[in-house]
Amino acid sequence: MAGLVQYWHTPFGDLHPGLHSELGPVYVQHEGNLVLPNISRVHSGLYYCLLQHKDGITLWPHELHVSQESGRCNQPSGYVATRSRKDVGSLTERQGGVSDGHFTGAVVGSVLLTFVVGFSAGALCRNQVLRWVQEP
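All values reported here derive from a predicted model rather than from experimental measurement.

What follows concerns the overall build of the chain. Each helix and strand counted, the chain has two helices and seven strands in total. Mapped from its N terminus to its C terminus, the chain presents α and β elements in the order β-β-β-β-β-β-β-α-α. For the chain, with 136 residues in total, the buried portion stands at 20%. Summarising the internal contacts of the chain: among those between residues at least 6 apart in sequence, 40% fall at separations of at least 24. Of the accessible surface of the chain, which amounts to about 10000 Å², a share of 58% is contributed by carbon and sulfur atoms.

What follows covers the side chain of Thr 10. Within the secondary structure, Thr 10 is located in strand 1 (residues 4–10). Looking at Thr 10, its side chain comes within polar contact range of the main-chain oxygen of Gly 13, at 2.8 Å. In this structure, Thr 10 is in contact with Leu 15, Val 26, Leu 34, Leu 46 and Tyr 47, ignoring residues within four places of it in sequence.

On to the confidence of the model for the chain. Segments scoring low in pLDDT should not have their predicted coordinates read at a detailed level. For the chain, mean pLDDT is 76; residues scoring 70 or higher make up 74% of the total. Helix 2 (residues 100–134) holds the highest mean pLDDT among the elements of the chain, 88, whereas helix 1 (residues 91–95) holds the lowest, 51. Segment residues 70–77: pLDDT under 50, and six contacts once partners within four positions in sequence are set aside and those in other chains are kept.

Rules of the game
Each chain has its residues counted from 1, following the order in which its sequence is written. Totals for whole chains, interfaces and linings use all residues, but because this is a predicted model, local features are given only for residues with pLDDT of at least 70 and pairs of side-chain atoms are given and counted only at 80 or more. Think of the side-chain values as coming from all heavy atoms in the structure, minus any hydrogens and water. Runs of E in the DSSP output that reach at least two residues are strands. Runs of H or I that reach at least four are helices, and both are numbered from the N terminus. Think of it in three bands: with a 1.4 Å probe and only protein chains considered, a residue is buried below 20% of the maximum accessible area for its type, exposed above 50%, and partly exposed in between. We call two residues in contact whenever any of their non-hydrogen atoms come within 4.5 Å of each other. Accessible surface area values rest on a Shrake-Rupley calculation with a 1.4 Å probe, where residue burial reflects the displayed protein chains alone. Whenever a nitrogen or oxygen atom comes within 3.5 Å of another N or O atom, the pair is scored as a polar contact, on the condition that within protein one atom can donate a hydrogen and the other can accept it, and that pairs from neighbouring residues in sequence are kept only if both atoms are in side chains. pLDDT runs from 0 to 100 and stands for how confident the predictor is about each residue.

Right, here's the structure in full:
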């Protein structure tokens, strides 16, 4: 999906294209590519890319696992990185997850539960409250 990268959320903080030094542990190029120059175990974690395109905004999560494997060095540092991407859909698709009927049912249920618990607590404490009010 083509679009404009708004920012990357990394274990090192949020990064915007072209605003960070290439000397850091990770940086974003002007085109929006995330670069991890000297990969190590501290780079493992969850990375999110917020991409704006003609259909809206999409959040792309990536989980990066970095491990050191003997006899197999894909990186000069001796670490091997594996990445998995999870497609969570567009922002509009994720926000439409609860129907109005379910939301109304949840609100009504929580109000009824609050009333029943409050009423029961008041009924159980009634004698103690009346004694406290009647004391001189």
